[in-house]
Amino acid sequence: MLSYFAHAAQKEIALPHRAPGAPGQSRQSFLSGKPIHYYRPTGSAEIRHLIDEGFQAFNAGRLGEACRIFADKMLSPDQDTTIGLTVAGALTPAGLGGCVIELMERGLVDFVISTGANLYHDLHYALNFTLRRGSPFLDDRELYKEGVIRIYDVLFPATVLLETDAYVRDFLERAGLNEPISTADFHYRLGSDLRQKFPGCEQHSVLAAAAAAGVPIYTSSPGDSSIGMNIAYHELMNGSRFMIDPNKDVNEICAMVLAGEKNGCVILGGGSPKNFYLQAQPTLWEVYGIPKGGNEYFIQFTTDQVVWGGLSGATPAEAVSWGKVNPGVLPDTVVAYVDSTIALPLFCEYVVGSPNGRRARKGLVHKREALVSALKAEAERAKTTAAAGRDGQDTD
């Protein structure tokens, strides 16, 4: 499969606003590391044995606990848990998109909330660009002069950004979008376009795989990414009235949580995607007057700490006070203080190899309208009930 602009392979593209190269290490030597590919877990029995028998205490023990809660409880057929996956941190550049694809294809996650950056960098894989292993200890001034982008130890040419931007803008013009839509709707259309233009790319693109599997993908802060930057360009330069409507995102996620028999999440990192998932429960009881009761399951992999007061380090016990987590299920919540690039491949190997390692997909991307209608009807009933209760108090 060729990259989006085939001519990029034949000639160097001049970078705007970049100084010419300086003596020293060349771009070619910077980009000589092994290509980064999406890793797909296969359900290794050896890794399952290691986690069950070797990960016995401290954060290894917590990772093992997370694996067993997910595989044995959240995925149990009699639970019918609606599972959200939140993704923060540069995980797709690091090759972790393959784990997400495997979970979606197997029906093990029902919707995803990701930073926009992870989805933007996922496009590089769909468009057949190469990101490479490198070093975090390079001279970034030299990288800048040579037109090389660094994400810690991940390196790629700056032209990858320009060509990915060009694809996004081309898609926006071809799609003819001219009204507010949810990020799930936008990402479904984008993933479907990738599948049409680059057949087979769903094997190495989260966006394309999500479209194929019917898994809605949301972005909690859509303007905070290169995809959002290109949408802004489209509005300013092309006079488009297309925009992302965050209200639709909030209501769609609330509707999915409301419809779930049980609800649970796997949180990679933390940040805005974590809260965007967890706020669904307070939105239901605090705003819509629907007492859902809080999430039944909570799994998080993070390097943040509770003592700094930020949301990323907030524990499931703290979330109880907000109504985000059911107070009766704290034994089924766990935080493992470990880098997601270490935890996720191990977690996915364990889960994929479990007896519950595959289940029917919910196809929620195609049910959003009906679920939101059900949310509205339930909210109307709650509103009517609340009004009747106030009227009764007034007559006492």
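A brief structural summary. Just so we're clear, the structure is a prediction, and the values are computed from it rather than from any experiment.

### Regarding the overall build of the protein
Part 1: For the protein, the count of helices and strands is 16 helices and 11 strands.
Part 2: By the compact-globule yardstick of 21 Å for 396 residues, the protein fits well, its C-alpha radius of gyration being 22 Å.
Part 3: Seen through its principal axes, the protein has C-alpha atoms that stretch 85 × 60 × 40 Å.
Part 4: Within the protein, buried positions represent 53% of all 396 residues.
Part 5: Across the protein, the fraction of contacts at a sequence separation of at least 24, relative to all contacts at a separation of at least 6, is 81%.
Part 6: Accessible surface, the protein as shown: approximately 17,900 Å² in total, 53% of it carbon and sulfur.
Part 7: In the protein, the 36 positive side-chain charges and the 44 negative ones have mean positions that sit 4 Å from each other.

### Structural notes on the environment of Ser-272
Part 1: One can find Ser-272 in helix H12 (residues 271–278).
Part 2: Under the relative-accessibility criterion, Ser-272 is labelled partly exposed at 38%.
Part 3: C-alpha separation for the pair Ser-272 and Val-329, spaced 57 residues apart in sequence, amounts to 24 Å.
Part 4: If sequence neighbours within four positions are ignored, Ser-272 has contacts with Ser-220 and Ser-221.

### Description of the sheet that holds strand S3 (residues 132–133)
Part 1: What the three strands build is an open sheet, ordered S3-S5-S4; its pairing is antiparallel. With one partner strand each, in any of the chains shown, S3 and strand S4 (148–151) form the two edges of the open sheet.
Part 2: In this sheet, strand S5 (residues 154–157) lies alongside S3 in antiparallel orientation, the contact comprising two bridges. The residue bridging Arg-132 from the neighbouring strand is Leu-155, located in S5.
Part 3: Contacting S4 and S5, helix H7 (residues 158–175) crosses the sheet at an angle of about 65° to S5.

### Quick notes on the packing of aromatic side chains
Part 1: Under the criterion given, the structure shown has seven aromatic pairs.
Part 2: When the centroid spacing of 5.4 Å and the interplanar angle of 70° are considered together, the rings of Phe-301 and Phe-347 count as edge-to-face. Of the two residues, Phe-301 sits in strand S10 (residues 297–302) while Phe-347 sits in helix H15 (residues 340–352), which places them 46 residues apart along the sequence.
Part 3: Judged by its relative accessible area of 0%, Phe-301 falls in the buried class.
Part 4: With a relative accessible area of 0%, Phe-347 lands in the buried category.
Part 5: Here a set of aromatic residues connected by ring pairs shows up, and it is made of Phe-70, Phe-301 and Phe-347.
Part 6: Above the plane of the ring of Tyr-233 lies Arg-169, whose end atom (NZ or CZ) is 5.0 Å from the centre.
Part 7: One cation-aromatic arrangement involves Lys-324 over Trp-322; the distance from NZ or CZ to the ring centre is 5.2 Å.

### A word on the nonpolar core
Part 1: Residues Phe-70, Phe-186, Leu-194 and Phe-301 are the most contacted members of the largest nonpolar core, which totals 77 residues.
Part 2: Counting residues in each nonpolar core, the second largest holds 28 residues, with Ala-184, Ile-253, Phe-276 and Ile-290 among its members.

### Describing the sheet that holds strand S2 (residues 111–114)
Part 1: The parallel open sheet is built from six strands, whose spatial order is S7-S2-S1-S9-S10-S11. Edge positions in the open sheet fall to strand S7 (217–219) and strand S11 (333–337), since each of these has one partner strand only. In this sheet, adjacent strand axes meet at a mean angle of 15° when their direction is disregarded.
Part 2: Where strand S9 (residues 262–268) and S10 come together, five bridges link them in parallel fashion. Looking across to S10, one finds that Leu-268 is bridged to Phe-301.
Part 3: Running at roughly 135° to S7, helix H11 (residues 246–259) makes contact with strand S1 (81–87), S2, S7 and S9 of the sheet.

### Some details on empty space enclosed by the protein
Any empty space left between the atoms is revealed when a probe the size of a water molecule rolls over them.
Part 1: Counted by the stated rule, this structure contains three cavities of 30 Å³ or more.
Part 2: Quantified by volume, the largest cavity comes out at close to 100 Å³.
Part 3: For the largest cavity, the lining is made up of 13 residues, of which Val-87, Thr-92, Val-100, Ser-114 and Val-206 are closest to its centre.
Part 4: Here the lining of the largest cavity is composed, by residue class, of nine nonpolar, four polar and no charged.
Part 5: Empty space within the second largest cavity amounts to approximately 80 Å³.
Part 6: Every residue lining the second largest cavity is listed: Gly-116, Leu-119, Thr-183, Phe-186, His-187, Thr-219, Pro-222, Ser-225, Ile-227, Gly-228, Ile-231 and Ile-244.
Part 7: Of all elements in the fold, only helix H5 (116–126), helix H8 (183–197) and helix H10 (226–238) reach the threshold of two or more residues within the lining of the second largest cavity.
Part 8: Residue classes in the lining of the second largest cavity are distributed as six nonpolar, six polar and no charged.

### A few points about helix H3 (residues 58–74)
Part 1: In this model, H3 (17 residues) spans 23 Å end to end at C-alpha, consistent with the 24 Å of a helix rising 1.5 Å per residue.
Part 2: Residues of H3 that are buried in the fold lie against helix H2 (45–54), S1, S9, S10, S11 and H15.

### Notes on the pattern of salt bridges
Part 1: Tallying each qualifying case throughout the model produces 16 salt bridges.
Part 2: Its salt-bridge partner being Arg-68, residue Asp-52 comes within 2.9 Å of it at the nearest N-O pair. On the criterion of sequence distance, the pair formed by Asp-52 in helix H2 and Arg-68 in helix H3 is long-range, its members being 16 residues apart.
Part 3: For Arg-68, a relative accessible area of 29% gives the class partly exposed.
Part 4: Measuring nitrogen to oxygen at the nearest pair gives 3.1 Å for the salt bridge that ties Arg-368 to Glu-252. In this pair, Arg-368 sits in helix H16 (residues 368–395) while Glu-252 sits in helix H11, placing the two residues 116 residues apart along the sequence.

What counts and what doesn't
- Residues numbered from 1 in each chain as written.
- Predicted model: local features only at pLDDT ≥ 70, side-chain atom pairs only at ≥ 80, totals over all residues.
- Heavy atoms only, no water.
- Helix = DSSP H or I, 4+ residues; strand = E, 2+ residues; numbered from the N terminus.
- Rg over C-alpha atoms; globule rule 2.2 N^0.38 Å.
- Buried < 20%, exposed > 50% of the residue type's maximum accessible area, 1.4 Å probe, protein only.
- Contact = heavy atoms within 4.5 Å.
- Areas by Shrake-Rupley, 256 points an atom, 1.4 Å probe, with all protein chains shown as cover.
- Lys, Arg positive; Asp, Glu negative; His and termini not counted.
- Charge placed at Lys NZ, Arg CZ, Asp CG, Glu CD.
- Pairing = 2+ DSSP bridges.
- Axes fitted to C-alpha atoms, helices over the stretch in contact; angles between N-to-C directions.
- Phe/Tyr/Trp six-rings, centres within 6.5 Å; stacked < 30°, edge-to-face > 60°.
- Lys NZ or Arg CZ within 6 Å of the ring centre and 35° of its normal.
- Core = buried A, V, L, I, M, F, W, Y, C linked by side-chain atoms within 4.5 Å.
- 1 Å grid on protein atoms, 1.4 Å probe; cavity = no way out; pocket = protein on both sides within 12 Å on 5 of 7 lines; lining within 4 Å.
- Points joined across faces, edges and corners; volume = space filled by probe spheres on them.
- Nonpolar A, V, L, I, M, F, W, Y, C, P; charged D, E, K, R; others polar.
- Expected span 1.5 Å × (residues − 1).
- Salt bridge = Lys/Arg side-chain N within 4 Å of Asp/Glu carboxyl O.

Keep in mind these values describe shape, not function.
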